[in-house]
Amino acid sequence: MLGAFLAHETLRGGRWAPYTDTLGEPTSPAYAVARGALGGEAGFVVAARRAKAAYHASSYASRRLAAVAGDNLEFASMVAGAFRRNNASLDVDRCRRVALWALFTVLNRAVELGGRLGYSLVPFWDIINHGAPRHSKRFVTLRYDDGSVEYFQDGYRGGELFHNYSFQSACPMDWVTTYGFVPEDLVAASAAPPDDAAENALGVWAPGCSDVVVRGVTYSVPGDEADLLAFAAASDDGARLAATALAARADALLPDAALASGAESADALDRDAAVVMRLERRALLRALRRLPRGAGEDPRGEL
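Computed from a prediction, not measured in an experiment: that's the story for all the values here.

A. Region of interest: the side chain of D211. Here D211 shows up in strand β7 (residues 210–214). Side-chain polar atoms of D211 contact the side chain of R63, separated by 2.8 Å. Not counting chain neighbours up to four residues away, the residues in contact with D211 comprise S59, Y60, R63, T218, Y219, S220 and R249.

B. Broad picture of the packing of aromatic side chains. Under the definition given, this model contains four aromatic pairs. Where Y31 meets F104, the ring centres are 5.4 Å apart and the plane angle is 65°; that geometry is what we call edge-to-face. Placement of the pair is Y31 in helix α3 (residues 29–37) and F104 in helix α6 (residues 92–109), with a sequence separation of 73 residues. Judged by its relative accessible area of 0%, F104 is buried. Relative to F231, the ring of Y219 has its centre 6.4 Å away and its plane inclined at 40°; by these criteria the two rings are tilted. Note that Y219 is positioned in strand β8 (residues 217–221) and F231 in helix α10 (residues 225–233), a separation of twelve residues in sequence. Given the relative accessible area of 10%, Y219 is considered buried. Ring pairs connect the aromatic residues W175, Y179 and F181, which therefore count as one cluster.

The rules behind these values
- Residues numbered from 1 in each chain as written.
- Predicted model: local features only at pLDDT ≥ 70, side-chain atom pairs only at ≥ 80, totals over all residues.
- Heavy atoms only, no water.
- Helix = DSSP H or I, 4+ residues; strand = E, 2+ residues; numbered from the N terminus.
- Polar contact = N/O pair within 3.5 Å; in protein donor to acceptor, adjacent residues only side chain to side chain.
- Contact = heavy atoms within 4.5 Å.
- Phe/Tyr/Trp six-rings, centres within 6.5 Å; stacked < 30°, edge-to-face > 60°.
- Buried < 20%, exposed > 50% of the residue type's maximum accessible area, 1.4 Å probe, protein only.

Following this line, the structure appears as structure tokens:
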């Protein structure tokens with residue numbers, strides 16, 4: 001609803017124009033993919049191809065990008081159709097582009113104020129950077145009418161104020177498709193020694209996401225890892241199939257050294273893609289290590 005309202009205000013150039021004109025383009029790779037599908041300026045098409053290329057080695061990430069882009073394209077077309085029914089003079093392609101932009105802008109910027117205000121876009125508040133609160137104990141609550149939003153301060157006095165989005169997913173791809181970036185905590189997790197103790201010390205558990213297909217059943221690792229390991233424990237054949245599938249998915253990604261180098265890139269898209277796939281690869285190798293003895297020794301010696 002908020003996305004539809006933002007699109008409506010942008011198309012009619014109402015009293016909110018001085019604010020909406022400052023919002024810029026969303027940063028999510030899913031937006032780049034969806035916007036590229038609508039065509040138009042060459043820059044958007046190039047950005048879409050680049051976003052797809054950055055994540056092409058990850059079947060999970062590619063599927064998520066396509067799903068989020070497709071869902072929002074469908075909704076943008078519905079919103080554009082409604083606008084056109086009320087005003088036939090509107091250009092349908094422009095309506096779709098504006099509706100898509102509005103939906104992803106809300107995803108990237110809106111804050112949950114609670115009470116009757118709910119999910120809201122608030123000028124100035126929505127330009128405060130996101131962050132993950134695990135490294136800070138100093139929280140600040142700002143109130144507006146009957147709503148409130150929580151922030152935390154990095155480095156305490158004099159440090160930058162970050163918005164606590166209360167989004168605690170350990171899967172970096174969830175962050176990429178929702179907010180368009182990977183938080184620093186997950187970047188740090190990708191650089192930590194690849195063992196459970198180090199990741200738990202960071203407050204991160206099983207931070208990778210990957211699809212593994214065994215006998216036609218898709219397991220999302222680590223979410224469905226217990227089911228996959230139970231399947232593998234049921235028989236020697238199941239253990240062999242699971243080990244083969246996990247190793248093949250890990251090998252489809254770049255070697256860890258290359259992903260580590262990419263995670264230090266100054267380019268945000270390259271950095272986040274490398275972090276996503278590095279943590280994905282780690283989750284696959286962890287599951288491989290946890291298979292029944294004899295089936296899941298890690299042939300790469302990485303864990």
